[in-house]
Amino acid sequence: MPQKTVIEAIREGMDEEMARDPSVFLIGEDVGQRGGVFLASDGLYKKYGEYRVIDSPLAESCIVGVAIGAAINGMRPIAEIQFADFIAPAMNQIIEEAARFCYRTAGDFNLPMVIRAPWGGGVHGALYHSQSIEATFAHIPGLKVVAPGTPADAKGLLKAAVRDPDPVLFLEHKRTYRLVKGEVPDGDGVVPIGKADVKREGKDLSLIAYGLMLTYCLEVAEKLAADGISAEVLDLRTIKPIDQAAIVATAKKTGKVLVVHEDTRFAGIAAEVMAIIMEHAFDALDAPLMRLTGPDVPAMPFNHVLEEAFMPNVDRILAKAKELAAY
Amino acid sequence: MATKTQEVEAKGGQSRHRSLGLSDDQALRIYEVMRLARAIDERMWLINRQGRAPFVISCQGQEGAQVGTAAALRPGHDWVAPYYRDAGVILWFGMTAKDQMLSFFARREDPNSGGRQMPGHFGSRRLHIVTGGSPVATQLLHAAGVALASKQRQEDAVTAAYFGEGGASQGDCHEAMNFAGIHKLGVIFVCENNGYAISVPQSRQMAIQNLADRAAGYGFPGVVVDGNDVLACYEVAGQAVERARRGEGPTLIEAKTYRFTAHSSDDDDKRYRQAEEVAIWRQKDPIQRYAKYLRESTTLTDPVEKEITERVDQQVDEATEYAEQAPDPTPDDLMTFVYKQGTVS
Ligand SMILES: Cc1ncc(C[n+]2csc(CCOP(=O)(O)OP(=O)(O)O)c2C)c(N)n1
Ligand SMILES: [Mg+2]
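Parameters at a glance
- Residues numbered from 1 in each chain as written.
- Chains lettered and ligands numbered in written order.
- Predicted model: local features only at pLDDT ≥ 70, side-chain atom pairs only at ≥ 80, totals over all residues.
- Heavy atoms only, no water.
- Near = heavy atom within 4 Å.
- Polar contact = N/O pair within 3.5 Å; in protein donor to acceptor, adjacent residues only side chain to side chain.
- Areas by Shrake-Rupley, 256 points an atom, 1.4 Å probe, with all protein chains shown as cover.
- 1 Å grid on protein atoms, 1.4 Å probe; cavity = no way out; pocket = protein on both sides within 12 Å on 5 of 7 lines; lining within 4 Å.
- Sits in = over half its atoms within 2 Å of the grid points.
- Nonpolar A, V, L, I, M, F, W, Y, C, P; charged D, E, K, R; others polar.
- Helix = DSSP H or I, 4+ residues; strand = E, 2+ residues; numbered from the N terminus.
- Contact = heavy atoms within 4.5 Å.
- Phe/Tyr/Trp six-rings, centres within 6.5 Å; stacked < 30°, edge-to-face > 60°.
- Buried < 20%, exposed > 50% of the residue type's maximum accessible area, 1.4 Å probe, protein only.
- Lys NZ or Arg CZ within 6 Å of the ring centre and 35° of its normal.
- Domains from an automatic or database assignment.
- Buried area = accessible area lost by both parts, 1.4 Å probe.
- Salt bridge = Lys/Arg side-chain N within 4 Å of Asp/Glu carboxyl O.
- Core = buried A, V, L, I, M, F, W, Y, C linked by side-chain atoms within 4.5 Å.
- Points joined across faces, edges and corners; volume = space filled by probe spheres on them.
- Pairing = 2+ DSSP bridges.
- Right-handed = clockwise from strand over helix to strand, strands pointing away.

### Some details on the site of ligand 1
All names here are of chain B.
Here's step 1: Within the structure, ligand 1 sits among 16 residues, and Tyr83, Tyr84, Arg85, Gly167 and Tyr196 are positioned closest to it.
Here's step 2: Interatomic distance of 2.6 Å between a side-chain N/O atom of tyrosine 84 and an oxygen atom of ligand 1.
Here's step 3: Here an oxygen atom of ligand 1 and a backbone polar atom of glycine 167 are 2.8 Å apart.
Here's step 4: Relative to its unbound accessible area of 580 Å², ligand 1 is 72% covered by the protein chains.
Here's step 5: Using a 2 Å cut-off from the grid points, one finds that ligand 1 occupies the largest pocket.
Here's step 6: Residues belonging to the shell around ligand 1 are distributed by class as follows: seven nonpolar, seven polar and two charged.

The following block contains the structure:
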């Protein structure tokens, strides 16, 4: 199987879906001739033309609102928000409109649409090019939220998102774009939305993560193994609907769980994961549930000392995991 | 592209509707839908004041702008993205008195939402009526997107988007007109300018007299029309529809009109406007004005008027009776259709 980067996998996923279904199109800022600021759509404008790869005005509510309208009328739009940090102008269209079309019409309308947004830090992006937005949107019933961490999952989940009948927020960790490489199966390789994946089996403790933190947790598991600690790594892949069965299964298996995310702590995804475990695997626990997250400050600062102080990293995850193992 | 103000006064004299290409039957059909919209609305207020239903939001006074513009479209082929006052639009597009009353009583059978939304939040995929929420002006972007899809598939369907002059202050209004202008989309933006956004008068909403002037900034024509003259509305909408179908792009129609009722059943309009002002506008009632024209042109005779009144009354009576007794949703209905497949996840 060929090795690919995350960004290549996403580009391939979009290309194949657009080739397969003429109702699939891309709309966003600079996605056309420029191929997107991260080159996610490089070459697609040339291949599919200006009405399949649409350079939108610089207006996020417009991008999402127009995508909603096109989805009403038989199309399957992929709307690109250039950076997740700039999704706020489209919040009204996403939360008040897209997320409740199906509910507010008792199923008469549904919106097959994807909103792609590069998220996450570790790229010197500062306050406005580093944010995590998954918890904000996972709170909204009617939306699905996906956050792959590997090339194969990125491509497979993107395909699932395009084919899904409901609006899917597709989060692409921008640090993984070129950092993370992996094998991507030829052919469709659709990865179902709502299914977590055990990326490494273990028996002493569980690390639960997604996005860039998955890569870090896998590295930590490797280091723990050298110390004779067997860590299981569960990749959530989909944030909403969350894979409760997989979370409960790993908690019951190891009895010790550390949840890791770079999003801020309060009411973050870790809190939800911990609540699920308390409700469904309390008896199996051998230690208090632990979490390692970004701190509750507005966003990741530019200065490298401050950025490093914000981001969970391999050393910090390792230390926390050892604390858990020793409990 | 300067704003055009359509000549409104009975040009064409006794056969104005025929010179616009409307048969007598079509002219009467427009009249009947205006009457039906009004009659349903009046019945809703009555029931609301009796405490039998919690909320009304009215079309009264704006039926001319609504039915006049909608009548220039092809129901089922074209699309509308209405706002909450547009009873005249959705009745023209195929909704019925029964649908309206089911929504008013928020019954399970309400075709818009199964009783989930307040009255006035219209939507039907089958009838090409885009579902509306409560935040104003979001539907303008949806209309642009619907029209984009038509353009992508090279279909000639036209999309009409309706909104109030207050909603025009929202960013989405700008974003929608800008996008539709760039791509010359087949959208007709219909602003029903009734002079108020709840209590806020036009002078505190914008610094200009005519919202239609803004169209120039988006590269398409803006037209001011007397919204209480249904045939004038039909005429300008017809021109806009033709332009859109030819692929020449959007038109902004500003229909100057007035709402006769308070903003909603929860509002007291005496706090911000004079009874005299309302009375002056009631003299310009679009339904009475149209009836006068139809009589003068001998299109509407006493027996025909009687038939229409009977039909309208019967529909409203039957719809009210049916809907009031129709079952509510069950508690289980709370959990369905969060997503297209399955219930809750
Ligand atoms: C975004 C948003 N803000 C506030 C409201 C509350 N609200 C409902 S209708 C309305 C006034 C709208 O006025 P206009 O657009 O002129 O329409 P009209 O009611 O006069 O027909 C307001 C403030 C809302 N629905 N949406
Ligand atoms: Mg108004």
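Right, picking up where we left off after that structure.
### Section: the environment of Phe86(A)
Residues and elements named next belong to chain A.
Here's step 1: Relative to the assigned elements, phenylalanine 86 resides in the loop between β4 (76–80) and α4 (91–97).
Here's step 2: Between the alpha carbons of phenylalanine 86 and alanine 138 there is a distance of 17 Å; along the sequence they are 52 residues apart.
Here's step 3: Ignoring sequence-local partners within four residues, the contact set of phenylalanine 86 consists of Glu60, Ile81, Tyr128 and His129.

### Looking at the packing of aromatic side chains
Here's step 1: Applying the stated criterion to the full structure yields 14 aromatic pairs over all chains.
Here's step 2: Between the aromatic rings of Phe83(A) and Phe86(A), the centroid separation amounts to 5.8 Å while the plane-to-plane angle is 85°, which identifies the pairing as edge-to-face.
Here's step 3: Residue Phe86(A) is classed as partly exposed on the basis of its relative accessible area of 29%.
Here's step 4: Aromatic side chains Tyr258(B) and Trp281(B) sit 5.1 Å apart centroid to centroid with 5° between the ring planes, which places their arrangement in the stacked category. Of this pair, Tyr258(B) sits in the loop between β8 (251–256) and α9 (275–282) while Trp281(B) sits in helix α9, placing them 23 residues apart in sequence. Trp281(B) shares its class with Tyr258(B); the two are buried.
Here's step 5: Through a chain of ring-to-ring contacts, the aromatic side chains of Phe38(A), Phe83(A), Phe86(A) and Tyr177(A) assemble into a single cluster.
Here's step 6: Of note, Lys98(B) hangs over the ring of Tyr322(B), and the distance from its end group to the ring centre comes to 4.3 Å.
Here's step 7: Taking the ring centre of Trp281(B) as reference, the NZ or CZ of Lys284(B) above it sits at 4.0 Å.

### Focus: the domain arrangement of chain A
All names here are of chain A.
Here's step 1: Looking at the assigned domains, one finds that chain A contains domain 1 (3–183) and domain 2 (197–326).
Here's step 2: For domain 1 versus domain 2, the separation of C-alpha centres amounts to 26 Å.
Here's step 3: Taken together, the contact between domain 1 and domain 2 spans 33 residues of the former and 23 residues of the latter.
Here's step 4: For the pair domain 1 and domain 2, the summed buried area comes to about 2100 Å², and 59% of that belongs to carbon and sulfur atoms.
Here's step 5: Between arginine 237 and aspartate 153 there is a salt bridge, with the nearest N and O atoms lying 2.9 Å from each other.
Here's step 6: Here domain 1 and domain 2 share 11 residue pairs in polar contact (both at pLDDT 80 or more) between them.
Here's step 7: Listed by contribution, the elements that provide at least two residues to the side of domain 1 that touches domain 2 are α6 (134–138), β6 (144–146), α7 (151–163) and α8 (176–179).
Here's step 8: Here the side of domain 1 that touches domain 2 is composed, by residue class, of 16 nonpolar, 13 polar and four charged.

### Considerations on the nonpolar core
Here's step 1: Residues Ile72(A), Phe137(A), Ile277(A), Phe163(B) and Phe189(B) are the most contacted members of the largest nonpolar core, which totals 91 residues.
Here's step 2: With nine residues, helix α3 (residues 60–72) of chain A is the largest single contributor of residues to this core.
Here's step 3: Summarising the domain contributions, this core has at least three residues from each of domain 1 (3–183) and domain 2 (197–326) of chain A.
Here's step 4: Contacts of Phe189(B), omitting those with residues within four sequence positions, involve Leu140(B), Ala161(B), Phe163(B), Ala176(B), Met177(B), Ala180(B), Phe220(B), Pro250(B), Thr251(B), Leu252(B) and Ile253(B).
Here's step 5: Leu22(B), Ile30(B), Val80(B) and Val316(B) belong to the second largest nonpolar core, which has 71 residues in total.

### With respect to the layout of surface pockets
The gaps left among the atoms become clear once a water-sized probe is rolled over them.
Here's step 1: As a volume, the largest pocket reaches approximately 470 Å³.
Here's step 2: What lines the largest pocket is a set of 32 residues, and nearest its centre among them are Tyr83(B), Tyr84(B), Ser134(B), Val136(B) and His263(B).
Here's step 3: Sorting the residues of the lining of the largest pocket by element identifies α6 (138–152), β3 (159–164) and β5 (196–197) of chain B as the ones contributing at least two each.
Here's step 4: Of the residues contributing to the lining of the largest pocket, the split by class is 16 nonpolar, 12 polar and four charged.
Here's step 5: Considering only enclosed or pocket space, the second largest pocket measures out at about 380 Å³ in volume.
Here's step 6: In terms of lining, the second largest pocket is formed by 14 residues, of which the most central are Ala138(A), Ile239(A), Lys240(A), Ile242(A) and Glu272(A).
Here's step 7: Looking at the lining of the second largest pocket, the elements with two or more residues in it are α6, β12 (238–240) and α11 (269–281) of chain A.
Here's step 8: At three residues, the largest contribution of residues to the lining of the second largest pocket is made by α11(A).
Here's step 9: Looking at side-chain class alone, the lining of the second largest pocket contains eight nonpolar, four polar and two charged residues.
Here's step 10: Each of domain 1 (3–183) and domain 2 (197–326) of chain A gives at least three residues to the lining of the second largest pocket.

### Brief notes about the pairing of strand β14 (residues 290–294) of chain A
All names here are of chain A.
Here's step 1: With four of its five residues buried, β14 lies for the most part within the structure.
Here's step 2: With five bridges joining them, strand β13 (residues 257–264) and β14 adopt parallel strand pairing. Residue pairing across strands places valine 260 opposite leucine 292, the latter belonging to β14.
Here's step 3: Read from β13 through α11 to β14, the crossover connection turns out right-handed.

### Points about unusual backbone geometry
Leave glycine aside and you will find that most residues have negative phi; peptide bonds, for their part, are mostly trans.
Residues and elements named next belong to chain A.
Here's step 1: The amide bond that connects lysine 240 to the next residue, proline 241, takes the cis arrangement and shows omega of 0°.
Here's step 2: Summarising the element assignment, proline 241 is placed in the loop between β12 and α10 (244–254).
Here's step 3: One non-glycine residue, histidine 124, lies in the positive phi region at around 55°.
Here's step 4: Tracing the chain through its elements places histidine 124 in the loop between β5 (114–119) and α6.
Here's step 5: Although it is not a glycine, arginine 237 sits at a positive phi angle of roughly 60°.
Here's step 6: As for its position among the elements, arginine 237 is in the loop between β11 (231–235) and β12.

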